[in-house]
Amino acid sequence: MDVELLLGIGRFVLATTLILLLTVPTAFIVIQLELKVIAGMNLRIGPNRVGPSGMFQSTIHGFKVLAKEDQIPDKADRATFTIAPWMVFMAAAMSMLVIPFAPGAIAADFNIGIVYFFAIIGLSVVGLLVAGWASYNKYSLLGGLRSAAQMVSYEIPLTLSVVGAVVLAGTLNFTELIHWQRDHGWLFIWQFVGWGIFYIASLAEINRTPFDMVEADSEIVAGPFTEYSGMRFGFFFFAEYVSLFIMSAIMTSLFFGGWLAPWPFPAELSGFLGTLYGIFWFFLKTYLFVFAAIWMRATLPRVRVDQLMGMAWKVLLPLALVNLFVTAIAVVWLNL
Amino acid sequence: MRLLTERVAETASTLWTDEDTVEIRISAERVVEVLRTLRDDEDLDFWMLADAAAVDYGPTEHFEVVYHLYSDRHPAWLRVRAKVDRADPRIPTITPLWEGAMFHEREMYDMMGIVFEGNPDLRRIYMSPDYRSFPQRRDFLLPDDAADSPAAGINPLERPETWDLTRFAALGPLNPLAAAGALPEADAVVADPAGEQPEPSTVEAGVTDADKSRPR
Amino acid sequence: MTATEPREGRVRDPIDLDAAEEARLRTAAGMIPAPIASPGGEYFGFDTVSIPDRPPQTERERELYTLGEGEMLVNMGPQHPSTHGVMRLVLKVRSEVVTDLDVVLGYLHRGIEKLSENATYTTVLTYVDPMDYMSAMHNEHAPALAFEKLYGIEAPPRAQYIRALVVELNRVFSHGLMMGFLALDIGALTPILYGFINRDEVVEMLAAISGQRMLFNFFRVGGVNWDVNDEFLSRLGAWHAKELRNVKDNEALLTGNEIFRARTRKMGVISRQQAINLGVTGPNLRASGVPFDVRSAHPYPPYHELEFTPIVQEHGDVYDRYLQRIAEIKQSMHLIEQIMDKMPHGPVQAQVPGIIRPKPGRAYAAIESPRGLYSVYAISDGGPTPYRFRMRDPSFVSLQVMPVLMPGHLIADTMAIMASLDPIMGGVDK
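Residues numbered from 1 in each chain as written. Chains lettered and ligands numbered in written order. Predicted model: local features only at pLDDT ≥ 70, side-chain atom pairs only at ≥ 80, totals over all residues. Heavy atoms only, no water.

Observations concerning the overall build of chain B
Note the cut-off: Going along the chain from the N terminus, every DSSP run of H or I of four or more residues is numbered as a helix, and every run of E of two or more is numbered as a strand. Should any heavy atoms of two residues lie within 4.5 Å, those residues are counted as being in contact. Only the protein chains shown count as cover for residues, with accessible areas throughout obtained via the Shrake-Rupley method and a probe of 1.4 Å.
Helices and strands together make up the secondary structure of chain B, namely 5 helices and 7 strands. When the helices and strands of chain B are placed in sequence order, the string is α-β-β-α-β-β-β-β-α-β-α-α. Within chain B, counting contacts between residues at least 6 apart in sequence, those at least 24 apart form 53% of the total. When the accessible area of chain B is evaluated, it comes to approximately 9,800 Å², of which 51% is carbon and sulfur surface.

Topic: the side chain of Thr255(C)
How we decide: Exposed residues in this analysis have more than 50% of their type's maximum accessible area, buried residues have under 20%, and partly exposed residues fall in between, with area computed by a 1.4 Å probe over protein chains only.
With respect to the helices, strands and loops of the structure, Thr255(C) is situated in the loop between helix H9 (230-254) and helix H10 (258-264). Judged by relative accessible area, Thr255(C) falls into the buried class, the value being 16%.

Here we look at the interface of chain C and chain B
The line we're drawing: Here the quantity called buried area is the total loss of accessible area, with a 1.4 Å probe, experienced by two parts when brought into contact, counted for both. Only one rule defines a salt bridge in this text: a Lys or Arg side-chain nitrogen within 4 Å of an Asp or Glu carboxyl oxygen. Two N or O atoms count as a polar contact when they lie within 3.5 Å, although within protein this holds only if one can serve as hydrogen donor and the other as acceptor, and sequence-adjacent residues are included solely when both atoms are side-chain atoms. When residues are grouped by polarity, Ala, Val, Leu, Ile, Met, Phe, Trp, Tyr, Cys and Pro land in nonpolar, Asp, Glu, Lys and Arg in charged, and all others, Gly among them, in polar.
Each partner contributes to the interface: chain C provides 54 residues, whereas chain B provides 62 residues. When chain C packs against chain B, the two sides together hide about 4,800 Å² of surface, and 55% of this comes from carbon and sulfur. Counting across the chain C and chain B interface gives 6 salt bridges. The interface formed by chain C and chain B contains 21 residue pairs in polar contact (both at pLDDT 80 or more). Tallied by class, residues from the side of chain C that touches chain B come to 23 nonpolar, 14 polar and 17 charged.

Considering helix H11 (residues 230-255) of chain A
All names here are of chain A. This is how the line gets drawn: Between the first and last residue of a helix there are one fewer steps than residues, each counted as 1.5 Å, and that sum is the expected span.
The end-to-end C-alpha distance of H11 is 38 Å, a good match for the 38 Å that 26 residues give at a rise of 1.5 Å each. Judged by how many residues are buried, H11 sits mostly within the fold: 22 of 26 residues are covered. Where H11 ends, the next residue or the one after it, Gly 257, has phi of about 75°, a positive value.

Notes on the packing of helix H4 (residues 113-121) of chain A against H11(A)
Residue and element names in this part refer to chain A. We apply this condition: To obtain each axis, a line is fitted to C-alpha atoms, and for helices this fit is confined to the stretch in contact; angles are then taken between N-to-C directions over 0 to 180 degrees. Roughly parallel covers angles under 35 degrees, roughly antiparallel covers those over 145, roughly perpendicular covers 65 to 115, and oblique covers all other angles. The sense of a crossing depends on the near helix, which, turned anticlockwise from the far helix by less than a right angle, makes the crossing left-handed and, turned clockwise, makes it right-handed.
Two elements in contact, H4 and H11, have axes whose closest approach is 13 Å; the angle formed by their N-to-C orientations is 160°. Between H4 and H11, the crossing angle belongs to the class labelled roughly antiparallel. In this structure, H4 meets H11 at a crossing whose hand is left-handed. Residue-level contacts link Ile 114, Phe 117 and Ile 121 of H4 to Ile 246, Met 247, Ile 250 and Leu 254 of H11. In terms of residue class, the contact of H4 with H11 is built from 7 nonpolar, no polar and no charged.

A word on the interface of chain A and chain C
Taken residue by residue, the interface counts 35 residues in chain A and 41 residues in chain C. Here chain A meets chain C over a buried area of about 3,300 Å², counting both sides, of which 57% is carbon and sulfur. If you sort the residues of chain A by the area they bury against chain C, Tyr136(A), Lys138(A) and Arg304(A) come out on top, with a joint share of 21%. Between the two partners, chain A and chain C, sit 2 salt bridges. Between Asp413(C) and Arg304(A) there is a salt bridge, and its shortest N-O distance comes to 3.5 Å. Those elements that provide at least two residues to the side of chain A that touches chain C are helix H1 (3-41), helix H5 (124-134), helix H6 (138-169), helix H10 (217-220), helix H12 (271-299) and helix H13 (305-334) of chain A. Examining the composition of the side of chain A that touches chain C, we find that 5 residues originate from one element, H6(A), more than from any other. In terms of residue class, the side of chain A that touches chain C is made up of 17 nonpolar, 5 polar and 13 charged.

Side note on the packing of aromatic side chains
Basically, it comes down to this: Two aromatic rings, drawn from Phe, Tyr or Trp (for Trp, its six-membered ring), form a pair once their centres lie within 6.5 Å of each other, and the interplanar angle then sorts them: stacked below 30 degrees, edge-to-face above 60, tilted otherwise.
Counting across every chain of the model gives 46 aromatic pairs over all chains. Centre to centre, the rings of Tyr70(B) and Trp77(B) are 5.6 Å apart; their planes meet at 55°, and the pair counts as tilted. Side by side, Tyr70(B) and Trp77(B) carry an identical accessibility label, which is buried. An angle of 45° between the planes, with centres 5.4 Å apart, marks the rings of Phe103(B) and Phe396(C) as tilted.

Here's the deal with unusual backbone geometry
Note that the residue after Pro301(C), namely Pro302(C), is joined by a cis bond; omega there is 0°. Structurally, the position occupied by Pro302(C) is in the loop between helix H13 (294-297) and helix H14 (318-342). In this structure, Leu43(A) is a non-glycine residue whose phi angle is positive, near 60°.

Describing the sheet that holds strand E6 (residues 361-369) of chain C
Residues and elements named next belong to chain C. We count it as follows: For two strands to pair, DSSP has to find at least two bridges joining them.
Strands sit in the order E6-E7-E8 across an open sheet of 3 strands; the sheet is antiparallel. Each end of this open sheet is capped by a strand with a single partner; those strands are E6 and strand E8 (386-392). Along the sheet, successive strands turn relative to each other by an average axial angle of 15°, direction set aside. Of the strand pairs in this sheet, strand E7 (residues 372-380) and E8 are connected by 6 bridges, and their pairing is antiparallel. Residue Ser 375 lies in a different strand from E8, and its bridge partner there is Arg 392. Packing against the sheet, helix H6 (residues 136-151) makes contact with E6, E7 and E8, and its axis sits at approximately 150° to E6.

Remarks on the pairing of strand E3 (residues 97-104) of chain C
Residue and element names in this part refer to chain C. Of all 8 residues in E3, 6 are buried; the element is thus mostly enclosed. Here 7 bridges tie strand E2 (residues 88-94) to E3, and the two strands are oriented antiparallel to one another. Looking at the pairing, Val 90 lines up with Asp 102 of E3. What sits between the antiparallel neighbours E2 and E3 is a turn of 2 residues, in which Ser 95 has the positive phi angle 50°.

On their own, these measurements won't tell you what the molecule is for.
Take a look at the structure:
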């Protein structure tokens, strides 16, 4: 056996384990943030009992769902009902593998990282569809079908909006993309339209307000999650908030320079210190976008199904195509 | 008021007013005709059905369906009272005139058991569809434990034919249409609710021994 | 494996045992028979769930519960996050488009009319409080007026002004909450909480004058319970300035919001004629362009002494009904100013005995509640209790609009349209 292969396998196992473990605190932090921020915007106090100023509320929620009874409806399809939360959660967790937290701090530095990401994040729709179908509940079914329609539609503008950036940078690797941004300036300046499309489509892709059709609680109760309880519901819940973090992180890497500081640091940091410095900026930018998404949730109403689909096909898709063409022409003619 | 007697001839004898209400009485068969005149006549123009309610004047008397109408042209509410036979409580529906009367008529059917002929959707609205009784009739008793009794609503207590109607003799002459002075003294008229309770021995079906022995 | 066969080791579902009987009943009634042994596997028969297990009673019911190709019934309520209380809507949908709708009521029926026949005139005023729990003051107003008419007295002028004052305050918070509920049903979280902040201030104010926060029990036959006090007045002064800012906040969140406008404009349009025909009253009727307001159409004191013109909107869609509520909040604020200016001095309670025995007769009194024309028809037989006590609740009548409006709209619009009608189930079910 090759030692290097063994080392590679060891590194991979370690990285995936770390990533998997990372999802838990990430979800807790994002949920806690949402509880507190929305409370503040609603002029409420929000959670203030568990821990100092309610800091551990979401953690306690997490343990609570662990301890709750796991119910499976009588007429549900047991096999698929059981596997659906797992599919959704794994789709979210696996896409975290390619997130470049800092120089060197990336679990799997694929040369086709961007393609991998979009391939994996799209898998969660399968889980939602399966959950909706297996629950033997009309609300679930409606929610599952809504999620299928919505996420499949928005995947197209989402992916196309990034292609412009990819063409410009000439790479599908996240690390190289960030290095390109270090040399040429952040991509959202070059690809402003692409970034706008990506932002809207990513909100729709992870079912955030104003596009939370899938679990529109005032219409279809909780969509595909209606019949779930206990940790199975917990997995959906975790996956939702982890996806929010992931989408913000990907947007940071693609358009906002990833771990780069907004201004060039006087002395180039390297090694462990550089990693810490990168992680700081990466998380700062990512949580800014998380905050923006929460802000939107507190402010905006929900759009309707037909308006949502109309926007994907009639506005975002043509815009993304135009953006791609303009970028391609610019790259070819101006030799950027 | 003059208009009323002109257009709705039969009301001439029964017209009655107070400070803000004009009242006419009609027979049940002519309800649709009269209300249509009241609504469509340009001078009357009672465009709004403000209320439709049923009144039960006791087991020995009759039902009454009361419509309140509003018109911009007249300062008073118009009250139209239609007498309905208690043995055969039927009256034509007015849903062709005002679709909004549908819920009112369903409620009257549910609560009083008045059948509106021609109403396309005369279902119970508050009580469950398999309910048998009509709870707002005067002869529907309210035993203290009605809600607890296993057969609440369908036990013989609430079926008028099993009752001793002499109990209600005091309510007999009660008819507000008659001259006010003709009524007996107030206390004699309205029996104390507690006095209407039948003896426990008359409870036949649906009440078990356990229910009887339950402390009240 | 079919739906009726029990799984191994599992208790047989009692619902399955009745499947044969159900199928027989359905066939007899000419409905789609529920399959006993289904050829389509376990999921066959999914679309027959929630069809009532009895023969239809009317033509309309038969039509409603008979499913066409590709249709299914969806039960909204009585347990649903946004049905405004325990109400059940049975939607017949084809994919997401509603083709028909049935309103099923009675989950909150308490028989207040019947209860009132066994209560004295004063205690009736406490029974009507929990009817339309968003506007308890209005609930007491109409019976108080009707009983006064029966008894042949009139409340002193100061009592009338205090009545109008508390009633307008109640209207302000009721309309404010309606804006919040509409937003919540469309998916916005925040306006409802702003609405409740406003409600809390008003309710504390009304608690200062009446002693209770929600079911005030403030009106008496022949007046009101207490005169205004210092705490009430100081709260009113502090609140008055804040209220308009509060409304402005909500307006800033919703009125110009592109998503909100896209969801509400040209949605659930009630035409003038339809509104009159269906008995819609109150802000919903005025949003359709009919200037009918009991306060001006058939004024009860003290509204004939106040400057007052009903506000109307043009289109009668959800957005107009929302705008109508905002306009009426501002109008109520204006009325409150007038009332405070003109309020006379004097007693607040006429001389009435403890137990009232009006002469035999009947009285009809109608007021404008936040949901429309709320009227009471009371018959006295000379005794201490009303012989018949009838209440006409505006939201009960308004609900009839739903089956007319809904066909062709999406499931998502059901809640928006219903919230715009602002029904309160306590009042609907009496």
